[in-house]
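# Notes for the structure review
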Amino acid sequence: MNATMQQIAERIKRAKSVLIMTHMRPDGDALGSALALFSALKKLNIRGKVCVESDIPSNLRFIQGVETIAKKPAESYDLLITVDCSDEQRLGLLFSEFGKAKRERIDTVNIDHHISNTRFAKYNFVQECAANCMHIATLIEDLGVPFDKTIAEYLLIGLLTDSGNFSHDDVTEECMLLAAKLVKAGADMRYYNYELFKKQPKARAKLYAKTMSGIRYYHEDRFAVITITQKAMEECGADQGMTEGFVDFPLNIESVEIAASLLEIRKGQYKISLRSKEYADVNKLAATFGGGGHIRAAGCMLFGDIEEVLDKLSYVAGQYLED
């Protein structure tokens, strides 16, 4: 059922132990949402644990507290909360843990900001906005927990990450007011801006140059694609975490309306990240392949030979470009 944030806050207050889960290959909004809520629970003396099935991406390992995140729960819990996760499948291997909770009649909560969310929990709060951390901030306030420096920093990480450093078209007055509130609580905007968007190891710079030199264009240069292969990452000494943000460069090219990044997860499997500039709905584009997200930012997974994947993606992308 759809629930208000106040209803979710009341349910949390009755819990003795809470499991917080987010999507596989977590980004800053996923980790910020989970860790901020975890920190708030501690202030309420509610036992909590954050679990993610994947390793923490290398570009986010600087975040204090990520070392406490587990890949599966070791203790029992009486409430399960998923954050920044549009459907059960995106939990990866933790999908089975969610199914177990439902079988054992443990209450489940889903707090998310993706338009493609399937409302898969008992209690669902889903509203599209710049970052899921905006919802978590509201929840923490409804729980009666004041923002301290730690909570504020976690929320700011999510806000900066999913808003594209406040550059996306879904950045609102509410988003900026929350940022001001977090800075007032002690979050260091300059530090996190540098860590998330500017700091990079030599290996990333090498991979970035190699990737951008191979941009491919389709549909009269309105669709641009970059491909990041396992071989290229190995040659540059880079890893998947270092590719965060790569898709934004081709989108900035004047003629481009849709940009796509194809990241080779393993042979024959590609993680597709999609971005659009003004009018194309990449959430619908991604949904064609079983994915989803937002109108201007979405993703999916495609399988097959790289040229076959490019053909499929280019064909569908063409349907979302204006003549």
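Summarised in this report is the structure supplied together with it. (Residues numbered from 1 in each chain as written. Predicted model: local features only at pLDDT ≥ 70, side-chain atom pairs only at ≥ 80, totals over all residues. Heavy atoms only, no water.)

On to the packing of helix α4 (residues 132-142) against helix α6 (residues 173-184), then. Where α4 contacts α6, the two axes come as close as 11 Å, and the packing angle between them is 60°. Here α4 is positioned oblique relative to α6, judged by the angle of their axes. Crossing of α4 over α6 shows left-handed handedness. Between α4 and α6, the residues in contact are C133, M134, A137 and E141 and E174, C175, L178 and K181, respectively. Taken together, the residues of the contact of α4 with α6 sort by class into 5 nonpolar, no polar and 3 charged. (Axes fitted to C-alpha atoms, helices over the stretch in contact; angles between N-to-C directions. Helix = DSSP H or I, 4+ residues; strand = E, 2+ residues; numbered from the N terminus. Parallel < 35°, antiparallel > 145°, perpendicular 65-115°, else oblique. Left-handed = near helix turned anticlockwise from the far one by under 90°. Contact = heavy atoms within 4.5 Å. Nonpolar A, V, L, I, M, F, W, Y, C, P; charged D, E, K, R; others polar.)

One broad rule of soluble globular proteins: the nonpolar side chains tend to lie buried together. The biggest cluster of nonpolar side chains holds 58 residues, and the ones touching the most others in it are I8, I12, I20, I81, L139, L155 and L182. Once residues lying within four places of it in the same chain are set aside, the contact partners of I81 are I12, V18, L19, I20, M21, L37, V109 and I111. Y218, F223, Y270 and A317 belong to the second largest nonpolar core, which has 22 residues in total. (Core = buried A, V, L, I, M, F, W, Y, C linked by side-chain atoms within 4.5 Å. Buried < 20%, exposed > 50% of the residue type's maximum accessible area, 1.4 Å probe, protein only.)

A few words now on the sheet that holds strand β5 (residues 123-126). What the 5 strands build is an open sheet, ordered β2-β1-β3-β4-β5; its pairing is parallel. The sheet terminates laterally at β2 (47-51) and β5, the two strands that pair on one side only. On average, adjacent strands in this sheet sit at an angle of 15° to one another, irrespective of strand direction. Sheet analysis places strand β3 (residues 79-83) next to strand β4 (residues 107-112), joined by 5 bridges and oriented parallel. Bridge assignment links I81 to a residue of β4, and that residue is V109. Seen against the sheet, helix α2 (residues 28-43) touches β1 (17-22), β2 and β3 and runs at an angle of roughly 170° to β1. (Pairing = 2+ DSSP bridges.)

Running from N to C, α4 and helix α5 (residues 149-162) point in directions that differ by 155°, and their axes come no closer than 8 Å. For the element pair α4 / α5, the angle class is roughly antiparallel. Along its contact with α4, which presents C133, M134, I136, A137 and I140, the element α5 presents I151, Y154, L155, G158 and L159. The residue inventory of the contact of α4 with α5, partitioned by class, reads 9 nonpolar, 1 polar and no charged.

Let's shift gears to the state of the cysteines. What is meant by a disulfide is a covalent connection between two cysteines, made through their sulfur atoms. All told, the structure shown has 0 disulfides when counted by the stated rule. Of all cysteine sulfurs, the one in C51 lies closest to C85, which takes part in no disulfide; the gap is 13 Å. Overall, C85 belongs to the buried group, its relative accessible area being 0%. (Disulfide = S-S within 2.5 Å.)

Looking now at the pattern of salt bridges. Opposite charge on two side chains makes pairing possible when the charged atoms of those side chains draw close. Counted by the stated rule, this structure contains 15 salt bridges. With a shortest N-O distance of 2.4 Å, E153 and K149 are connected by a salt bridge. With E153 and K149 both in helix α5, this residue pair falls 4 residues apart, about one helical turn. Using a relative accessible area of 10% as the deciding quantity, one classes E153 as buried. In this structure K149 comes out as partly exposed when scored by relative accessible area, which is 46%. Of the charged contacts, one joins E195 and K199 as a salt bridge, the two residues approaching to 3.6 Å between their closest N and O atoms. On the basis of relative accessible area, E195 is assigned to the buried category, the value being 12%. (Salt bridge = Lys/Arg side-chain N within 4 Å of Asp/Glu carboxyl O.)

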